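Here is how the chains run, residue by residue.
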Amino acid sequence: MTFLLVLVALAGLYILFVNVVESTRKLRKPKEQESDDATARRSACDRKFANDQRAILDHDKRIEALEEGSRVQCAALHALLEHELHNGNSAEMKKASDDLFTHLNR
């Protein structure tokens, strides 16, 4: 009879130990899953940031190209005004040429 009581007590301890291990695994699983989710979200944010950074750098290059084109157009207009000035145009053309020249030399 004592043997049966000891056997039942050992079986109860074994079941208790298995339940504790299962509960511990269940508690750890969501934390591991949250960590994996956070890593995935961070990776997605890093990819989006890299795309945004490339777009910004591309915008800077485009703006520089537009500014350079504007400078070239202003220089061409200045050359035309200078040509007209030396062919006997009025004082208004001289003022426009001077204004454009000061704008180009900023």
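Preceding block: the structure.
The present account deals with the structure reproduced in this document. Just so we're clear, the structure is a prediction, and the values are computed from it rather than from any experiment.

Conventions used here
- Residues numbered from 1 in each chain as written.
- Predicted model: local features only at pLDDT ≥ 70, side-chain atom pairs only at ≥ 80, totals over all residues.
- Heavy atoms only, no water.
- Helix = DSSP H or I, 4+ residues; strand = E, 2+ residues; numbered from the N terminus.
- Buried < 20%, exposed > 50% of the residue type's maximum accessible area, 1.4 Å probe, protein only.
- Areas by Shrake-Rupley, 256 points an atom, 1.4 Å probe, with all protein chains shown as cover.
- Patch = residues over 30% accessible without salt bridge, like charges linked within 9 Å, V, L, I, M, F, W, Y side chains within 5 Å.
- Salt bridge = Lys/Arg side-chain N within 4 Å of Asp/Glu carboxyl O.
- Polar contact = N/O pair within 3.5 Å; in protein donor to acceptor, adjacent residues only side chain to side chain.

## Some points on the overall build of the protein chain
Of regular secondary structure, the protein chain possesses two helices and zero strands. Evaluated residue by residue, the protein chain yields a buried proportion of 6% over its 106 residues. When the accessible surface of the protein chain is split by element, carbon and sulfur atoms take 61% of a total near 9,600 Å².

## A short note on a nonpolar patch on the surface
Nonpolar side chains collect at one region of the surface, where Met-1, Phe-3, Leu-4, Leu-5 and Leu-7 lie side by side and expose about 620 Å² of accessible area between them. Structurally, the position occupied by Met-1 is in the segment before helix H1 (2-85).

## Regarding the environment of Thr-24
Inspection of the secondary structure puts Thr-24 in helix H1. Looking at Thr-24, its side chain comes within polar contact range of the main-chain oxygen of Val-20, at 2.8 Å.

## A short note on the pattern of salt bridges
Under the defined criterion, the tally for this structure stands at one salt bridge. Among the ionic pairs, Arg-62 bridges to Asp-58, the shortest N-O distance being 3.5 Å. With a gap of four residues between them, Arg-62 and Asp-58 both fall in helix H1, about one helical turn apart. Taking the relative accessible area as the measure of exposure, Arg-62 reaches 52% and is therefore exposed. Taking relative accessible area as the criterion, Asp-58 reaches 35% and is therefore assigned partly exposed.

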